[in-house]
Amino acid sequence: MTDSSTEIPGDPAPPDSNAAALARLKPAFEQDPHRLREVADRNLEAAIGREVRAFRRQQGMTVADLAQVTGLSIGMLSKIENGITSPSLTTLQILSHAFSTPITSFFRRFEERREVQHVKAGDHIEIERRGTRAGHQYNLLGHIGSNSSGVLVEPYLITLTEESDTFPTFQHDGVELLYMLEGEVMYRHGDQLFHMQPGDSLFFDADAPHGPEVLVKLPARYLSVISYPQP
């Protein structure tokens, strides 16, 4: 009689083993979107610290460089940048001279408005994006200009019809995400060709030549989200 607890070769792995294997395959992201911001992330000291670090990096300076220019210690500058200490007005004046910026610029993120846009169905703006080809309909789904993230994002709904050109050699800065909604296209990225069907996505470096090469089933509609650093 075979012991029922004996594992027979070829049997499927226990559910817990499968779950553990899948968990190991999932990419780990550092940012937790469900994390509530600490109070320290919202206070004045943290806002000033982020600005000081941003100005220092914009000017290509290390903390040691800034310490030499201002006469402030590396330890003090580190505490300021990390929002651990509240700098005096005298210290802020020294930093503003070092960065050639007004003192008020250190406070801008503390009072910065966080933008949001809600666009109702049918109200999307049809635009001609630079390099747009004939018959490629671009509907801009929203736009937020300069912001504290340092990233600009352009979300589009793109529609291709019988009148649309094929153009597999778009190139621009940043990264791009496509999500296919309707129809089918053969989409090129560099030397690779992808058969895009509803529900498929494609995420890529947009500096490589890319674009629809074969319009398989029309009309075709897909979301295109382009992001790149703020100039």
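A brief structural summary. Note that the coordinates shown come from a computational prediction; the quantities given were computed from them, not determined experimentally.

Details of the pairing of strand 6 (residues 201–205)
Thinking step 1. Burial of the side chains of strand 6 is restricted to one face: L202 and F204 are buried, whereas none of S201, F203 and D205 on the reverse face is.
Thinking step 2. Here 5 bridges tie strand 4 (residues 175–189) to strand 6, and the two strands are oriented antiparallel to one another. Note on strand 6: the bridge partner recorded for L178 is L202.

Details of the packing of helix 4 (residues 63–70) against helix 5 (residues 74–81)
Thinking step 1. Where helix 4 meets helix 5, the closest approach of the two axes is 9 Å, and the angle between their N-to-C directions is 115°. Classified by the angle between their axes, helix 4 and helix 5 sit roughly perpendicular to one another. When the axes of helix 4 and helix 5 are compared, the crossing they make is right-handed. Of the residues in helix 5, those in contact with V63, A64, L66, A67 and T70 of helix 4 are I74, L77 and E81.
Thinking step 2. Looking at the contact of helix 4 with helix 5, its residues break down into 6 nonpolar, 1 polar and 1 charged.

Parameters at a glance
Counting restarts for each chain: residues are numbered from 1 in the order of the written sequence. Residues qualify for local features only when their pLDDT is at least 70, as the model is predicted, and side-chain atom pairs are given and counted only at 80 or more; totals for whole chains, interfaces and linings, by contrast, use all residues. Where side-chain values are given, they derive from all heavy atoms of the structure, hydrogens and water being excluded. Summary of the burial criterion: residues with accessible area below 20% of their type's maximum are buried, those above 50% are exposed, and those between are partly exposed, where the area comes from a 1.4 Å probe applied to protein chains only. Strands here mean DSSP runs of E at least two residues long; helices mean DSSP runs of H or I at least four residues long; both are numbered from the N terminus. Strands qualify as paired when DSSP identifies two bridges or more between them. Every axis in this analysis is a line fitted to C-alpha atoms, fitted for helices over the stretch in contact. Angles between the N-to-C directions lie between 0 and 180 degrees. Here the angle decides the label: under 35 degrees means roughly parallel, over 145 means roughly antiparallel, 65 to 115 means roughly perpendicular, and every other value means oblique. Note: crossing handedness is left-handed where the near helix turns anticlockwise from the far helix by less than a right angle, and right-handed where it turns clockwise. Pairs of residues are marked as contacts when any of their non-hydrogen atoms sit within 4.5 Å. Charged means Asp, Glu, Lys or Arg here, nonpolar means Ala, Val, Leu, Ile, Met, Phe, Trp, Tyr, Cys or Pro, and polar covers whatever is left, Gly included.

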